[in-house]
Amino acid sequence: QVQPVESGGGLVQAGGSLRLSCAASRSILSINVMGWYRQAPGKQRELVATISRSGITNYADSAKGRFTISRDGAKNTVYLQMNSLKPEDTAVYYCREAGPGYDYWGQGTQVTVSS
């Protein structure tokens, strides 16, 4: 089954940091857009950050200034560096590969921020 694979979630105290990794199903330079999304209990899935094939990044307002999306083409991996974490960042974080004719989601990794 074609899908990206997330890792790096865990439990962290408020103010702490985590780095999530997403191993893409193929060369990330062939994927139009890769992104991180999250879903908290009882809430809809929402965008966190995306990075296009050309390297253009986009962030949700809640992520700006605290989170950084980046990629390593040699490892076909996209990262989400999360700093200054808050309890409201608690969610399952999903990686997505999207483009014309394809839209693949990972199974998610849990991030829990304690107060």
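Small disclaimer: the values here were computed from a predicted structure and weren't measured.

Draft legend 1. Focus on empty space enclosed by the protein. Here the structure, examined in full by the defined rule, presents 1 cavity of 30 Å³ or more. Estimated volume of the largest cavity: approximately 40 Å³. Every residue along the wall of the largest cavity is listed here: I28, I31, M34, I51, S52, R53, R71 and V78. Per-class residue counts for the lining of the largest cavity are 5 nonpolar, 1 polar and 2 charged.

Draft legend 2. Main features of the pattern of salt bridges. Under the counting rule described, the total for this entry stands at 5 salt bridges. Here D61 makes a salt bridge to K64, at a shortest N to O gap of 3.2 Å. Note on accessibility: D61 and K64 belong to one class, exposed. Across the pair D89 and R66 runs a salt bridge whose closest N-O atoms are separated by 2.7 Å. Residue D89 is located in the loop between β8 (77-82) and β9 (91-99), and its partner R66 is located in the loop between β6 (57-59) and β7 (67-72); the two are separated by 23 residues in the primary sequence. Taking relative accessible area as the criterion, R66 reaches 11% and is therefore assigned buried. Salt bridges here are not isolated pairs; linked through shared partners, they connect R38, E46, R66 and D89.

Calculation criteria
Numbers given to residues run from 1 along each chain, matching the order in which its sequence is written. Local features in a predicted model are, by the rule used here, given only for residues with pLDDT of at least 70; side-chain atom pairs are given and counted only at 80 or more, and totals for whole chains, interfaces and linings are based on all residues. As a convention, hydrogens and water are excluded, and side-chain values are obtained from all of the structure's heavy atoms. Cavity: a set of points on a 1 Å grid over the protein atoms alone where a 1.4 Å probe fits but cannot get out. Pocket: an open set with protein on both sides within 12 Å along at least five of seven lines, its lining residues, like those of a cavity, having an atom within 4 Å of a point. Grid points are joined across faces, edges and corners, and a volume is the space filled by probe spheres set on the points. When residues are sorted by character, Ala, Val, Leu, Ile, Met, Phe, Trp, Tyr, Cys and Pro go into the nonpolar class, Asp, Glu, Lys and Arg into the charged class, and all the rest, Gly among them, into the polar class. Salt-bridge detection follows one rule: a side-chain nitrogen of Lys or Arg within 4 Å of a carboxyl oxygen of Asp or Glu. Residue burial is assigned from relative accessible area. The probe radius is 1.4 Å, only protein chains are included, and a residue is buried under 20% of its type maximum, exposed over 50%, and partly exposed in between. Each helix corresponds to a stretch of at least 4 residues labelled H or I by DSSP, and each strand to a stretch of at least 2 residues labelled E; elements are numbered beginning at the N terminus.

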